[in-house]
Every structure is written in C-alpha cells, then in structure tokens.
Amino acid sequence: MRAVLALIRADGRGVDRVVPPTGHTAWLTVLSAAAMAFLAVFALALALATGRLADRWSDALARSATIRISAPVDQMPTQTRAVLEVLATTPGIADYRALDEDEMRALLDPWFGPDLPVETLPLPQLIALTETAEGVDGEGLRLRLAAEAPGAVLDDHTRWRRPLVSAAERLRFLGLISLVLIGGATAGMITLAAQAALAANGQVIRVLRLVGARDSYIARAFVRRFTLRGLSGAALGTVLGMIAVALLPEADAAGGFLTGLGFEGAGWLWPMMIPPMAAAVAFAATRAAALRMLRGIR
Amino acid sequence: MIELQNVAMSYGGGDLFSEISLKLAPGSFHFLTGPSGAGKTTLLKLCYAELMPSAGHVSFMGRDVRTMGRDDIAALRGRIGVVHQDCQFLDHLSVAENVALPLTVARRPLDARELMELLGWVGLKAQADALPPQLSGGERQRAALARAVIMSPDVLLADEPTGNLDWDMSLRLLTLLVELNRMGKTVLIATHDLNLIRAAKQQVSARVLRIANRRLQLAGADL
C-alpha cells in the first residue's frame, strides 16, 4: 500500500510523457474498475447485513424461549398458574409473562387478518420467558413442567434458530467470497488491459530500453497509469454503489430481510476501503504484467 | 573499451559467424563492412548487449555482459551511444524530446541551452519542435546521432548511418562522427558504403574490418 501511495504522490508526468496514451484501454479500465467497485459495495453490504442478522438472531433467540400450554379449556387457568409458579422458582430466568389476547391476535394477524375472533378459538396459552446471561437448565425445566403442568411444552427455539443462524452465516461467507472473486476479476481485467497497452507500445518499450531505461522506469509509466485508472474508476463505482445502497428501503418499513441490506454507523466506512484496495490490485497486476513482458526484451 | 573474444552467433541452427575477436580501444575509429546479411548489425547488437552471443565472451570495460543484470545493461547503454539503421524514435515526442530521451530515462537534469547547442551542431535547431515523421531521412539520422551523443558516451556505434542519405548528407554526417572521434570517443560504424570509408580515411586514422565467410578480417589496403 505504501508503494501505491508513493507512486500516486510522485511526479510521474515525465514518465507518463514517454509512453503515448493507450486509447480505448483507458476508459475500459476505468469503466471496469467502476463496475467492479459498484458490485463490491453490494457484496460488502450483503456480508455486513447478513453478519448483523446472524448476530441478532443468534443473540436474541438464544436468550428467549416460549412455553406453550395445550389443555382443555377448564384446565387452562390451573395449568397456566402452575407453569408461572414453576418459572418463579426456576433459576436462570430473568423475566416471564403470559401473553394476553391482544398479543395472541397480533401474532396471528399476518396469517388470518385483523378481525379474527381469538376468544372463540381453542388456542394454546403462550408464556414468553427471557433467560439470564447464565441461562436456564432446559432439561430440568422440562421435567418440572411435565410434573406440574402436563399440557406445557418448552420451546427454546433451538430447532429453528440453528438453521436460520447457519443460513445467515453462509450468506455472510458468500458475500466475502464475492468480494474475493470481484477482486480477482478486477486483477484479471486490469492485467489484460495492461498487457494490451504493453503490446501496443512494444516499439516504445524497445526504444526506451535501447536508450538506457531501466525496467522499473518503463514499468512505472504503465503501473502509475493503470493504478490511477483503477483508483478513479473504483472511487466512482464506490460512490455510486453507496448512493444505491443508501436509497434502498429502510428495514423497518417493510420488515423483510433484503430491505435490511445496507450499512449502519461506522459500517459506512468499510466501502471507503474499496478504491485503495482496487488501486493496490491494479498496481500489483500491472507491475507483474509489465515486468513479465520486459523480461522478453533485452 | 569493448572486447569480443571468440564470439559466435547462431540463428536457427546455422552459424551467422564464429570465432570473432575484436578489441575497440579507447579513441579508436573502426569501420565494419561486409555484404548484406553477413552479420554487421548483429555484431553491433552484441556490442551493446541487445543480443547475447551463442558462444564466446563480450565484455565492456573488462566486465562480461553475461554477468550483468538488466539494470547494469541499462546503465551500460548510457555509456554507449547507438545510431540505429532505422533511427527508432518515439513518434509522439518532438525531436528535442527524442534527443533528450536518454537524459530523461536516466533522470538526469536537462540543460535546454545545451540541448539547443547539440541540435545546432547537427543542424536541427529549426526542427526542435517537429515530430519525427516530419523529418527527412538525413534529418532523422542527424537527430539519431544527437540522441546517441547527448549522454556523452564513451563509445559510439552506428549501423548504416548513411544508408538512406545522398552523398552530401553522408559526408556531413561523417564529418560529425569524425569530430566526435577527435573529442576522444570510440567510434564503430557498420556500413557497406566503401566510398564513405575512403572519404573517412582521408580525415581520420580508421581501421576497416570486414565480415566475410563467417569470420572477421582486417580489410585490405585498397580501403
């Protein structure tokens, strides 16, 4: 990275001058770097969003559980009371409460609509509980519930929490893999463009060698040019990508997973890393291509 | 200065020449002649390390070019001025920029007044801002000569420098090369123009070498 910065800072006008402009490879490199950076912003947003999601699900669900009481109507109050008493004396429980009819209706609204007569349905009683940081002994609680309230079933969410967290973590991994692939594709594209420019300037390079130019001097002209193009293209693509991400709907508005795609707080700084990374990739790819070609010229 | 010891060069399995030994002493003036295809250009390329010999040794100031790294060879070329047969300019740069190119790539300071003096010496002051494709054959050769000497090299190699020039222009260029030799530069000119060699021998003490039958020989007294 230091070499890249030194290269950009240095006065390379003299070096640039000896190599003629390379025509279409110039805008092609800028455009490709911009497109790759745009995609990288989305891949980064995906990785960060799924990371947050995995953490949130993992954290929130790990500390909550539900007890469902399915019993005949006449036994429901008795069993509910029994469960609440058991919970009151169980270590590791921070909070618990029986859900009232309004809360039950809110849970069922998405499936049955807002006018469902909940009171006429034989619904189980739900009790939500929150564990302390130390957690609760699930097996012990199950045994006590079975003894005190036979209709009570403890659901600690493990069954569906694990696949959700696993899915979110895989999505985060895919996002990171996408970033690596985008970086590789950028390197490949810049290498091809640099090779085209080097081949088009074969005669210029031969003349420069014959008048005493060192490999580093000749490579510098191309490396500087392609590094700056990679940097400027990636900066453009990153800005456009960040604007596009900022314009995505808010997570709370629709509540869906994809609407949560974006950056939060200091997370907005992460995309700023893309242009220097693209410049570093362009620097390494062009330098390798230039030195490889120069080895074939005495 | 430059020494070739039992040098051979092969292309595609066949020997272009072999067992060539040559020593260019400081301040000497040599002509290299021979029929087309005999290997004059190849021999010159060996002298400035654009080619490596198939066998034998080429050394510059006592150092074998085979042991030199790429940066060493680049530095070596700062001490050897070469006038190529086809001149080889960068067409997007002006004549002045092309002449100054060895200084530019060596990151040495450029004195504009000295550059204009040099262009004046080769008669190209008026063409300083022209692009190489706008020059005539003679002007290109003189510009190439100016570029070859701007680093004040120890040795000057010229490959058919008068190949595309009329006789007057050839003599003018020859005079410049003789002037350089009188300034102490070692000069080696590859040419098949025997009249040029005869004209030079009237001005300077020159040895004439000939490549014939794949060997290097000292040319006869007729030259």
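On a predicted model such as this, the values are computed, not experimentally measured, just so you know. Counting of residues starts from 1 at the beginning of each chain's written sequence and follows it residue by residue. Chains carry letters from A onward and ligands carry numbers from 1 onward, assigned in written order. Where totals are concerned, whole chains, interfaces and linings use all residues; where local detail is concerned, this predicted model gives features only for residues with pLDDT of at least 70, and gives and counts side-chain atom pairs only at 80 or more. Remark: hydrogens and water are excluded; side-chain values derive from all non-hydrogen atoms of the structure.

(A) Representation of the packing of aromatic side chains in the model. Residue and element names in this part refer to chain B. Each pair of aromatic rings taken from Phe, Tyr and Trp, with Trp reduced to its six-membered ring, is defined by centres within 6.5 Å and is described as stacked if the planes are under 30 degrees apart, edge-to-face if over 60, and tilted in the remaining cases. Counting across every chain of the model gives 3 aromatic pairs over all chains. Where Phe 29 meets Phe 31, the ring centres are 5.4 Å apart and the plane angle is 50°; that geometry is what we call tilted. For the pair shown, Phe 29 and Phe 31 are each scored as buried. Burial here depends on accessible area, computed with a 1.4 Å probe over protein chains only, as a share of the maximum for the residue type. Under 20% is buried, over 50% is exposed, and the range in between is partly exposed.

(B) Quick look at the interface of chain A and chain B. We call two residues in contact whenever any of their non-hydrogen atoms come within 4.5 Å of each other. Between chain A and chain B, the residue contacts involve 23 residues of the former and 21 residues of the latter. Throughout, the accessible surface (probe 1.4 Å) given up by two parts as they are put together, summed over both, is called the buried area. Here chain A and chain B share an interface that buries about 2200 Å² over both sides, 54% of which is from carbon and sulfur atoms. Contact with chain B buries area across many residues of chain A, yet Leu 210, Val 211 and Arg 298 of chain A alone supply 35% of it, more than any other trio. By convention in these notes, a salt bridge is any Lys or Arg side-chain nitrogen within 4 Å of a carboxyl oxygen on Asp or Glu. At the boundary of chain A and chain B, one finds 2 salt bridges. Arg 70 of chain B is the partner of Asp 215 of chain A in a salt bridge, and the nearest nitrogen-oxygen pair spans 2.4 Å. The term polar contact refers here to a pair of N or O atoms within 3.5 Å; inside protein, the definition further demands a hydrogen-donor-capable atom paired with an acceptor-capable atom, and it admits residues adjacent in sequence only when both atoms are side-chain atoms. One can count 6 residue pairs in polar contact (both at pLDDT 80 or more) joining chain A with chain B. Among the secondary structure elements, those contributing two or more residues to the side of chain A that touches chain B are helix 2 (13–18), helix 8 (202–210) and helix 9 (215–246) of chain A. Lys, Arg, Asp and Glu make up the charged group, whereas Ala, Val, Leu, Ile, Met, Phe, Trp, Tyr, Cys and Pro make up the nonpolar group; the residues left over, Gly among them, are polar. Among the residues forming the side of chain A that touches chain B, the class breakdown is 13 nonpolar, 2 polar and 8 charged. Labels follow the DSSP assignment, with helices taken as runs of H or I lasting at least four residues and strands as runs of E lasting at least two, numbered in each case from the N terminus.

(C) Representation of the domain arrangement of chain A in the model. When the domains of chain A are assigned, the result is domain 1 (2–58 + 162–294) and domain 2 (71–150). Each of domain 1 of chain A and domain 2 of chain A has a C-alpha centre, and these two points are 54 Å apart. Note that the domain bounds were set by an automatic or database domain assignment.

(D) Looking closely at helix 4 (residues 76–88) of chain A. Residues and elements named next belong to chain A. With 13 residues, helix 4 should cover 18 Å at 1.5 Å per step; its first-to-last C-alpha distance of 18 Å lies within 8% of that length. Among the residues of helix 4, Met 76, Gln 79, Thr 80, Ala 82, Val 83, Val 86 and Leu 87 are the ones counted as buried. An end-on view of helix 4 places all buried positions within 160° of arc, on one side of the element. Along helix 4, the residues that are exposed and aim more than 90 degrees away from the buried face are Glu 85 and Ala 88. Along its buried surface, helix 4 packs onto strand 1 (64–69), strand 2 (93–98), strand 3 (125–131), helix 6 (138–148) and strand 4 (152–155). What a helix is expected to span follows from its residue count: subtract one and scale by 1.5 Å. What the arc describes is the spread of directions from the helix axis to the C-beta atoms.

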